[in-house]
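What follows is the residue order along each chain.
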Amino acid sequence: MTLGDGKRKVLMIIDEYSSGGTLTKDDDIALKMNDFFDLAQRDVANHKPILKSAEISMQRAAGSYQEFDLPERFVKLYRVWNGDRLITRRAKVRGGKLLIPNDGAGMVVVEYIATPASIDASTPDDYVFEVAEDAAACMPYYVATLQLLVDLVLDYKPPLGLYDRMIRELDTSLPGSGHGRVVQSYYR
(Lines give C-alpha, C1' and ligand atoms only; values in the text may rest on other atoms or scores of the structure.)
Protein backbone atom coordinates (compact mmCIF):
# COMPACT_ATOMS: atom_id res chain seq x y z
CA MET A 1 0.00 0.00 0.00
CA THR A 2 1.27 3.47 -0.80
CA LEU A 3 0.82 6.62 1.27
CA GLY A 4 -1.57 8.01 -1.36
CA ASP A 5 -3.70 4.84 -1.23
CA GLY A 6 -3.81 5.10 2.56
CA LYS A 7 -4.89 8.75 2.43
CA ARG A 8 -7.75 7.95 0.05
CA LYS A 9 -8.89 5.12 2.33
CA VAL A 10 -8.78 7.45 5.37
CA LEU A 11 -10.94 10.01 3.60
CA MET A 12 -13.46 7.27 2.72
CA ILE A 13 -13.58 6.10 6.35
CA ILE A 14 -13.95 9.66 7.67
CA ASP A 15 -16.67 10.38 5.10
CA GLU A 16 -18.53 7.27 6.26
CA TYR A 17 -18.51 8.36 9.91
CA SER A 18 -18.93 12.13 9.47
CA SER A 19 -22.10 14.01 8.69
CA GLY A 20 -22.42 14.62 4.96
CA GLY A 21 -18.71 14.56 4.12
CA THR A 22 -18.03 18.08 5.40
CA LEU A 23 -15.08 16.87 7.48
CA THR A 24 -13.20 15.44 4.47
CA LYS A 25 -13.04 18.91 2.86
CA ASP A 26 -11.15 20.28 5.89
CA ASP A 27 -7.61 21.44 5.00
CA ASP A 28 -6.42 20.64 8.53
CA ILE A 29 -6.93 16.92 7.85
CA ALA A 30 -4.57 16.97 4.86
CA LEU A 31 -1.89 18.75 6.90
CA LYS A 32 -1.92 16.12 9.64
CA MET A 33 -2.23 13.05 7.42
CA ASN A 34 1.50 12.28 6.91
CA ASP A 35 2.31 12.71 10.61
CA PHE A 36 -0.57 10.44 11.58
CA PHE A 37 0.58 7.79 9.08
CA ASP A 38 4.03 7.96 10.66
CA LEU A 39 2.43 7.20 14.04
CA ALA A 40 0.30 4.44 12.51
CA GLN A 41 3.25 2.76 10.80
CA ARG A 42 5.23 2.76 14.06
CA ASP A 43 2.27 1.35 16.01
CA VAL A 44 1.67 -1.39 13.46
CA ALA A 45 5.40 -2.24 13.41
CA ASN A 46 5.16 -2.84 17.17
CA HIS A 47 2.53 -5.51 16.51
CA LYS A 48 4.02 -7.03 13.34
CA PRO A 49 7.77 -6.40 13.18
CA ILE A 50 9.58 -5.32 10.04
CA LEU A 51 12.12 -7.99 9.14
CA LYS A 52 15.12 -6.86 7.08
CA SER A 53 18.36 -8.48 6.09
CA ALA A 54 21.87 -7.29 5.31
CA GLU A 55 24.78 -9.13 3.75
CA ILE A 56 28.20 -8.74 5.34
CA SER A 57 31.40 -9.82 3.68
CA MET A 58 33.68 -11.51 6.21
CA GLN A 59 37.45 -11.29 5.72
CA ARG A 60 40.13 -13.46 7.25
CA ALA A 61 41.20 -11.76 10.47
CA ALA A 62 42.80 -12.49 13.81
CA GLY A 63 40.66 -12.79 16.93
CA SER A 64 37.52 -14.67 17.77
CA TYR A 65 35.04 -12.00 16.53
CA GLN A 66 34.83 -9.45 13.74
CA GLU A 67 33.13 -6.14 14.51
CA PHE A 68 30.66 -4.41 12.16
CA ASP A 69 28.38 -1.36 12.36
CA LEU A 70 24.73 -2.16 12.99
CA PRO A 71 22.44 -1.90 9.94
CA GLU A 72 20.31 1.22 9.52
CA ARG A 73 17.27 1.47 11.87
CA PHE A 74 18.34 -1.73 13.68
CA VAL A 75 16.19 -2.70 16.69
CA LYS A 76 16.92 -6.35 17.45
CA LEU A 77 18.92 -9.21 16.03
CA TYR A 78 16.78 -12.03 14.61
CA ARG A 79 19.04 -14.55 12.83
CA VAL A 80 22.59 -14.70 11.49
CA TRP A 81 23.50 -17.12 8.69
CA ASN A 82 27.02 -18.07 7.66
CA GLY A 83 26.36 -19.89 4.40
CA ASP A 84 23.70 -22.44 5.30
CA ARG A 85 24.62 -22.56 9.00
CA LEU A 86 22.65 -20.63 11.58
CA ILE A 87 25.09 -18.87 13.95
CA THR A 88 22.72 -16.51 15.76
CA ARG A 89 23.58 -17.76 19.25
CA ARG A 90 27.25 -16.99 18.69
CA ALA A 91 26.67 -13.45 17.29
CA LYS A 92 26.47 -10.53 19.74
CA VAL A 93 25.39 -6.91 19.82
CA ARG A 94 27.54 -4.72 22.06
CA GLY A 95 28.10 -0.99 22.22
CA GLY A 96 26.28 -0.28 18.97
CA LYS A 97 28.36 -2.85 17.10
CA LEU A 98 27.58 -6.30 15.71
CA LEU A 99 30.12 -8.97 16.69
CA ILE A 100 30.18 -11.98 14.38
CA PRO A 101 32.26 -15.10 15.11
CA ASN A 102 35.42 -15.21 13.07
CA ASP A 103 34.85 -18.37 11.03
CA GLY A 104 36.95 -17.25 8.06
CA ALA A 105 36.11 -15.45 4.84
CA GLY A 106 32.66 -15.57 3.24
CA MET A 107 29.24 -13.93 3.17
CA VAL A 108 27.14 -13.64 6.31
CA VAL A 109 23.45 -12.73 6.15
CA VAL A 110 22.12 -10.82 9.14
CA GLU A 111 18.35 -10.79 9.61
CA TYR A 112 17.10 -8.14 12.00
CA ILE A 113 14.01 -6.32 13.16
CA ALA A 114 13.96 -2.67 12.08
CA THR A 115 11.99 0.46 12.77
CA PRO A 116 10.11 1.96 9.81
CA ALA A 117 11.45 5.00 7.98
CA SER A 118 9.96 8.31 9.14
CA ILE A 119 7.09 9.80 7.22
CA ASP A 120 7.05 13.59 7.26
CA ALA A 121 5.40 16.43 5.33
CA SER A 122 7.80 15.98 2.40
CA THR A 123 7.12 12.25 1.94
CA PRO A 124 5.56 11.70 -1.51
CA ASP A 125 2.26 9.89 -1.98
CA ASP A 126 3.99 7.07 -3.90
CA TYR A 127 5.93 6.07 -0.76
CA VAL A 128 5.37 2.34 -0.10
CA PHE A 129 4.94 1.43 3.57
CA GLU A 130 7.64 -0.84 4.99
CA VAL A 131 5.22 -2.89 7.07
CA ALA A 132 3.65 -6.02 5.56
CA GLU A 133 0.64 -5.53 3.31
CA ASP A 134 -1.84 -6.99 5.81
CA ALA A 135 -0.46 -4.69 8.52
CA ALA A 136 -0.61 -1.68 6.19
CA ALA A 137 -4.32 -2.37 5.63
CA CYS A 138 -4.91 -1.60 9.35
CA MET A 139 -3.29 1.84 9.25
CA PRO A 140 -6.09 3.89 7.58
CA TYR A 141 -8.41 2.97 10.48
CA TYR A 142 -5.82 4.18 13.00
CA VAL A 143 -5.34 7.47 11.09
CA ALA A 144 -9.09 7.97 10.69
CA THR A 145 -9.50 7.44 14.44
CA LEU A 146 -6.89 10.11 15.14
CA GLN A 147 -8.65 12.50 12.75
CA LEU A 148 -12.08 11.85 14.29
CA LEU A 149 -10.80 11.96 17.86
CA VAL A 150 -10.58 15.76 17.98
CA ASP A 151 -14.14 16.30 16.71
CA LEU A 152 -16.49 16.18 19.69
CA VAL A 153 -19.56 15.52 17.55
CA LEU A 154 -18.29 12.45 15.70
CA ASP A 155 -17.84 8.99 17.12
CA TYR A 156 -14.29 7.67 16.70
CA LYS A 157 -15.05 4.30 18.35
CA PRO A 158 -16.20 2.33 15.25
CA PRO A 159 -12.96 2.81 13.25
CA LEU A 160 -10.92 2.28 16.43
CA GLY A 161 -12.77 -0.98 17.05
CA LEU A 162 -12.08 -2.10 13.47
CA TYR A 163 -8.39 -1.22 13.87
CA ASP A 164 -8.11 -3.16 17.13
CA ARG A 165 -9.84 -6.19 15.58
CA MET A 166 -7.61 -6.11 12.49
CA ILE A 167 -4.46 -5.84 14.64
CA ARG A 168 -5.53 -8.83 16.74
CA GLU A 169 -6.06 -10.91 13.58
CA LEU A 170 -2.59 -10.22 12.12
CA ASP A 171 -0.27 -13.17 11.66
CA THR A 172 2.69 -11.89 13.67
CA SER A 173 4.91 -14.95 13.31
CA LEU A 174 8.35 -14.48 11.82
CA PRO A 175 9.82 -16.95 9.31
CA GLY A 176 11.40 -19.93 11.04
CA SER A 177 10.16 -18.93 14.48
CA GLY A 178 7.73 -21.84 14.83
CA HIS A 179 5.22 -19.46 16.43
CA GLY A 180 2.70 -19.42 13.59
CA ARG A 181 -0.88 -20.45 13.80
CA VAL A 182 -1.49 -24.10 14.64
CA VAL A 183 -3.78 -26.13 12.43
CA GLN A 184 -5.49 -29.07 14.08
CA SER A 185 -4.85 -32.36 12.30
CA TYR A 186 -6.37 -35.75 12.86
CA TYR A 187 -4.53 -38.96 12.10
CA ARG A 188 -5.91 -42.43 11.58
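Residues numbered from 1 in each chain as written. Predicted model: local features only at pLDDT ≥ 70, side-chain atom pairs only at ≥ 80, totals over all residues. Heavy atoms only, no water.

Student: I keep staring at the pattern of salt bridges and nothing clicks. Help me out?
Tutor: Proximity of charged atoms lets side chains of opposite charge pair with each other. Taken as a whole, this structure holds nine salt bridges when the rule is applied. Between Glu130 and Lys52 there is a salt bridge, with its nearest N and O atoms 3.0 Å apart. Here Lys52 lies in strand E1 (residues 50–58) and Glu130 lies in the loop between strand E7 (106–114) and helix H3 (133–136), a separation of 78 residues in the sequence. Residue classification places Lys52 among the partly exposed residues on the basis of a relative accessible area of 28%. The shortest N-O distance in the salt bridge between Lys97 and Asp69 comes to 2.2 Å. Separated by 28 residues along the polypeptide, Lys97 in strand E6 (residues 97–101) and Asp69 in strand E2 (residues 65–69) bring together distant segments of the chain. On the basis of relative accessible area, Lys97 is assigned to the partly exposed category, the value being 26%. Shared partners join several salt bridges into a network, and the residues in it are Lys52, Glu72, Arg73 and Glu130. (Salt bridge = Lys/Arg side-chain N within 4 Å of Asp/Glu carboxyl O. Helix = DSSP H or I, 4+ residues; strand = E, 2+ residues; numbered from the N terminus. Buried < 20%, exposed > 50% of the residue type's maximum accessible area, 1.4 Å probe, protein only.)

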